[in-house]
Amino acid sequence: FFLIPQFLQALKNKNMISSKSKLTPDDRNALAYLEHSLSTLTPVEGSSATPDVWIQGNISMFHAPFTTRLIPSSKTWRWNQTKAQKRAYLSRYAANVVFAKLIPRKRKAEFEQAPAFKLWQFTVSIPEYPDFIVLWCERGVQQTPASALDKVFDTAAEPPNKLYAAKISYICN
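All figures in this text were calculated on a predicted structure; none of them were measured in a lab.

Participant: Can you lay out the overall build of the protein for me, pointing to particular residues and giving the numbers?
Facilitator: Scanning the protein from N- to C-terminus turns up five helices and six strands. What you see in the protein, going N to C, is helices and strands ordered as α-β-α-β-β-β-β-β-α-α-α. Here the protein holds 173 residues, and 30% of them are scored as buried. Accessible surface, the protein: about 12200 Å² in total, of which carbon and sulfur atoms supply 57%.

This is the structure in structure tokens:
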């Protein structure tokens, strides 16, 4: 009777995510996040991503086809696929998934180091639906919430003078 909790846990996880290739814990974590998020996603308008995909925790859905070149990078680095693509099956959605982990790679002749981002690219195929792409930023830019006063003195637009452009937190200190 000591094995009953282990058996129930194995039964609970059985066939939720399956793959013919060996999946790492990192792969399983990414697939579990995808499976959890799929029901809430809606496609992003347009055929290319914005730098918002760099925000940690951001998950976006795009219509296929979608190439890695359409994911924003910078002048000093580009996205690089680590190892080969892997395949998995999500039984909850009857979905075949081809996925890869992407990390920034420094461009040649650049001295600046590439950021330590981790982006997952999933191509999801569900019978009788068009294929779609999901990008999930597991590790990226930390989004810091703006203070209420910073929102009042929005500096994203062209400021009329230098005083207006100053951050309110700087003025108060």
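Participant: Kindly report on the confidence of the model for the protein, identifying the contributing residues and their values.
Facilitator: Averaged over every residue, the pLDDT of the protein is 78; the share at 70 or more is 73%. Confidence drops under a pLDDT of 50 for residues 1–15, and excluding neighbours within four residues, the segment shows one contact in the predicted structure. Within the model, pLDDT remains below 50 along residues 156–171, and this stretch shows 16 contacts once partners closer than five positions in the same chain are excluded.

Participant: Any chance you could break down helix α2 (residues 25–37) for me, citing the residues and the numbers?
Facilitator: Compared with the 18 Å implied by 1.5 Å per residue over 13 residues, the 18 Å span of α2 between its first and last C-alpha is a close match. Listed in full, the buried residues belonging to α2 are D27, A30, L31, L34, E35 and S37. Its buried side turned inward, α2 meets β1 (17–18), β2 (59–63), β3 (77–90), β4 (95–106), β5 (118–125) and β6 (132–139).

Participant: Which residues make up the side chain of E138, and what values go with them?
Facilitator: Looking at the secondary structure, you find E138 in strand β6. Of note is the side chain of E138, whose polar atom sits 2.7 Å from the side chain of W120. Setting aside residues no more than four positions away along its own chain, E138 makes contact with D26, N29, Q56, K118 and W120.

Participant: Any details on the nonpolar core? Residues and values, ideally.
Facilitator: Within soluble globular proteins, side chains that are nonpolar tend to cluster in buried spots. F122, V124 and V134 are the most contacted members of the largest nonpolar core, which totals 22 residues. The set of elements that each furnish at least two residues to this core consists of α2, β2, β3, β4, β5 and β6. The contact partners of V134, leaving out residues within four places of it in the chain, are L34, L38, L41, I59, S60, M61, W120, Q121, F122 and V124.

Participant: An account of the side chain of T76 is requested, with residue identities and associated values reported.
Facilitator: By secondary structure assignment, the location of T76 is in the loop between β2 and β3. Apart from residues lying up to four places away in sequence, T76 is in contact with R105, K106, R107, E110 and E112.

Participant: Outline the layout of surface pockets, listing residues and values.
Facilitator: As a volume, the largest pocket reaches approximately 170 Å³. What lines the largest pocket is T24, D26, D27, T82, K83, A84, K86, F99, A100, K101 and W120. The set of elements that each furnish at least two residues to the lining of the largest pocket consists of α2, β3 and β4. Element by element, the count of residues in the lining of the largest pocket is highest for β3, at four residues. A per-class count over the lining of the largest pocket returns four nonpolar, two polar and five charged.

Analysis parameters
Residues numbered from 1 in each chain as written. Predicted model: local features only at pLDDT ≥ 70, side-chain atom pairs only at ≥ 80, totals over all residues. Heavy atoms only, no water. Helix = DSSP H or I, 4+ residues; strand = E, 2+ residues; numbered from the N terminus. Buried < 20%, exposed > 50% of the residue type's maximum accessible area, 1.4 Å probe, protein only. Areas by Shrake-Rupley, 256 points an atom, 1.4 Å probe, with all protein chains shown as cover. pLDDT = per-residue confidence, 0-100. Contact = heavy atoms within 4.5 Å. Expected span 1.5 Å × (residues − 1). Polar contact = N/O pair within 3.5 Å; in protein donor to acceptor, adjacent residues only side chain to side chain. Core = buried A, V, L, I, M, F, W, Y, C linked by side-chain atoms within 4.5 Å. 1 Å grid on protein atoms, 1.4 Å probe; cavity = no way out; pocket = protein on both sides within 12 Å on 5 of 7 lines; lining within 4 Å. Points joined across faces, edges and corners; volume = space filled by probe spheres on them. Nonpolar A, V, L, I, M, F, W, Y, C, P; charged D, E, K, R; others polar.

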